[in-house]
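# Remarks on the overall topology
One letter stands for each residue in the lines below.
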Amino acid sequence: MSEEKSWIMSRRFLLKVMGGGAAWLSLNKLIPAWAQVSSQAIEPLPSFTGPDANPYWGSEGPFVIHPQKLPLIQLTDRPIQLETPRHYFLTPFTPNAAFYVRWHLDEIPNAVSLSDWRLFIEGNVEKTLALSMSELMSQFKPVSITAVNQCSGNSRSRFQPRVPGGQWGNGAMGNALFTGVRLKDLMNTAGVKTGSSQVQFEGLDRGRGPESKGSHIYLKSLGLSDPVIGETVVAYEMNGEPLPMLNGFPVRLVVPGKFATYWTKALTWIRVLTEPDTNYWMSKAYCIPNTPRGNTTSRDINEGRVEMIPIGTMPVRSFIITPDGSGKIPEEMAVTVRGIAFSGFGRVVVVEFSWDGGKYWTKTELGKDYGQYSFRTWETTWIPKRTGKYVLAVRATDEKGNIQPDEVIWNPGGYLWNKIERQEITVGAAK
Ligand SMILES: Nc1nc2c(c(=O)[nH]1)N[C@H]1C(S)=C(S)[C@@H](COP(=O)(O)O)O[C@H]1N2
Ligand SMILES: [Mo]
């Protein structure tokens with residue numbers, strides 16, 4: 001391992017073990033002098049979308065196996081955070097066993113007895129409901145939707161300067177077919193009373209939380225006037241099977257197009273509120289600058305010049321899955337370049353590919369359309385004409401005309417990364 005790499009790893013490791021709150025800058029003081037190998041080493045890490053990005057497509061933790069799960073990349077074990085390895089994104093649907101996992105609190109449900117479990121719809125309603133799983137499944141019309149679940153902090157490890165929080169690579173996302181009942185149907189049955197403003201969601205998990213006061217329950221809310229309320233599903237099935245425990249068994253919220261922070265797992269209480277929810281998870285965590293792309297500087301933050309608002313819709317993104325740079329490609333051989341794209345704002349309509357780092361772009365072929373909130377696969381054939389290094393790039397555009405930018409962003413939460421992705425590969429002589 002190069003000296004620079006070992007430095008990177010130790011700093012990444014520290015960011016992981018420190019958890020939230022600690023300022024990344026103070027890390028320099030924690031690193032003994034002998035570890036500060038060269039002036040080069042204390043320069044910012046490279047942009048992870050650059051030519052050396054290959055080892056860092058995903059994060060670099062150990063592979064671990066949890067119940068109902070394949071080996072996944074571990075970011076932290078308390079709370080459990082697992083990242084999906086790159087090759088699972090070759091298909092539009094992410095297998096349940098490979099689906100990434102993110103919890104905030106360490107007391108998570110390991111078993112739920114469906115004979116005791118009830119889903120409550122309460123608060124400012126005409127009639128409180130307490131529904132068993134069989135009532136939920138039989139008394140309400142089932143609906144299915146394919147939707148991308150992406151953590152707000154997906155790709156956080158790309159931020160410069162680094163920000164605290166799980167140092168995700170690109171694998172804190174997944175796409176699944178969710179089946180369940182409409183949130184609207186449940187609310188209509190309970191009867192939302194006038195004077196209601198938001199609806200709050202609570203799961204079964206508990207714990208200390210990052211701030212003792214009020215953060216021991218993970219509470220998230222949506223505004224009743226948000227159009228997404230009409231599309232939100234209380235899902236009891238994922239890809240045709242019960243949800244894995246770690247992904248929210250027995251039911252979870254599916255909020256199409258919005259970041260996964262709103263997708264409450266092990267959902268048990270749905271509460272109609274008369275006041276805006278100002279709990280820790282709405283007003284402190286998961287807030288972004290109210291600026292274009294959520295971009296700001298630490299200086300503007302420190303000087304109190306930035307209005308922070310709750311995070312919402314996922315910006316357009318696309319990824320190269322193969323080739324992944326792990327092997328040489330023979331010159332003149334046709335290569336199928338494959339990947340996925342999605343946007344929370346609308347259908348992906350164009351995915352463009354570049355083999356010269358993003359100067360010249362060609363359109364790729366899009367795979368089957370599973371609805372506007374799904375991953376859309378893309379592929380293209382490319383015949384490298386000469387040996388050497390190439391930088392592949394991919395860029396998606398959605399039906400609202402949003403196109404991926406090539407500029408980095410920065411915000412203190414490490415949210416909303418959607419810069420154009422690049423992959424370096426080597427083409428070698430075929431004879
Ligand atoms: N009950 C509960 N639901 C939750 C969370 C949580 O900590 N507790 N985390 C949210 C966040 S921030 C993410 S990224 C997603 C992760 O979903 P997954 O673990 O199924 O991939 O769950 C969301 N729902
Ligand atoms: Mo998240």
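Presented here is an overview of the structure given in this document.

### What about the site of ligand 1?
Near ligand 1 there are 19 residues, and of these Tyr100, His104, Asp205, Arg252 and Lys265 occur at the shortest range. His104 has a polar side-chain atom sitting 2.7 Å from an oxygen atom of ligand 1. Arg252 places a side-chain nitrogen or oxygen 2.6 Å from an oxygen atom of ligand 1. Notes on ligand 1: free accessible area 530 Å², of which the protein chains cover 100%.

### Overview of the pairing of strand E2 (residues 72-77)
Burial of E2 is extensive: 5 of the 6 residues sit out of reach of the surface. Here 2 bridges tie strand E1 (residues 63-64) to E2, and the two strands are oriented antiparallel to one another. When the bridges of E2 are listed, Val64 appears paired with Leu72. The pairing of E2 with strand E3 (residues 80-83) spans 4 bridges and is antiparallel. Directly across from Thr76, in E3, lies its bridge partner Gln81. Counting the residues that bridge the hairpin from E2 to E3 gives 2 residues.

### Describing the pattern of salt bridges
Under the definition given, this model contains 15 salt bridges. Between Glu202 and Arg271 there is a salt bridge; the shortest N-O distance is 2.8 Å. Pair noted here: Glu202 is in strand E9 (residues 198-202) and Arg271 is in strand E14 (residues 269-273), with a separation of 69 residues, a long-range link. With respect to burial, Glu202 and Arg271 carry one shared label: buried.

### Brief notes about the packing of aromatic side chains
If you walk through the whole model with that rule in mind, you get 16 aromatic pairs. With 5.8 Å between their ring centres and 65 degrees between their planes, Trp57 and Phe319 make a pair best called edge-to-face. Of this pair, Trp57 sits in the loop between helix H2 (27-30) and E1 while Phe319 is found in strand E17 (residues 317-322), placing the two residues 262 residues apart along the sequence. By relative accessible area, Trp57 is classed as buried at 6%. Summarising the aromatic geometry, the rings of Tyr100 and Trp168 are spaced 5.9 Å apart at their centres and angled 90 degrees between planes, so their arrangement reads as edge-to-face. Of this pair, Tyr100 sits in the loop between E3 and strand E4 (101-102) while Trp168 sits in the loop between strand E7 (142-150) and strand E8 (173-182), placing them 68 residues apart in sequence. The exposure class assigned to Tyr100 is buried, which follows from its relative accessible area of 4%. You can call Trp168 buried: its relative accessible area is 1%. An aromatic cluster of at least three residues, connected via ring pairs, comprises Trp57, Phe89, Phe319, Phe342 and Phe375. For the cation-ring pair, Lys220 lies above Tyr262, with the distance from its terminal atom to the ring centre recorded as 4.8 Å. Directly above the aromatic system of Trp103 lies the positively charged group of Lys265, at a separation of 3.9 Å from the ring centroid.

### Some thoughts on the sheet that holds E4
Spatial ordering of the open sheet is given by E1-E2-E3-E4, a layout of 4 strands whose pairing is antiparallel. Here the strands that pair on one side only, and so sit at the sheet edges, are E1 and E4. Pairing between E3 and E4: 2 bridges, direction antiparallel. Within E4, the residue paired with Gln81 across the bridge is Arg102.

### Here's the deal with the pairing of E14
Counting buried positions along E14 gives 4 out of 5 residues, so the element sits mostly inside the fold. Strand direction decides the pairing type here: strand E5 (residues 119-123) and E14, joined by 4 bridges, are parallel. Each residue of the ladder has a partner; that of Glu122, found in E14, is Arg271. Pairing of E9 with E14, which is carried by 5 bridges, proceeds in the antiparallel orientation. Bridging from a neighbouring strand, Phe201 pairs with Ile270 of E14.

Rules and cut-offs
Residues numbered from 1 in each chain as written. Chains lettered and ligands numbered in written order. Predicted model: local features only at pLDDT ≥ 70, side-chain atom pairs only at ≥ 80, totals over all residues. Heavy atoms only, no water. Near = heavy atom within 4 Å. Polar contact = N/O pair within 3.5 Å; in protein donor to acceptor, adjacent residues only side chain to side chain. Areas by Shrake-Rupley, 256 points an atom, 1.4 Å probe, with all protein chains shown as cover. Buried < 20%, exposed > 50% of the residue type's maximum accessible area, 1.4 Å probe, protein only. Helix = DSSP H or I, 4+ residues; strand = E, 2+ residues; numbered from the N terminus. Pairing = 2+ DSSP bridges. Salt bridge = Lys/Arg side-chain N within 4 Å of Asp/Glu carboxyl O. Phe/Tyr/Trp six-rings, centres within 6.5 Å; stacked < 30°, edge-to-face > 60°. Lys NZ or Arg CZ within 6 Å of the ring centre and 35° of its normal.

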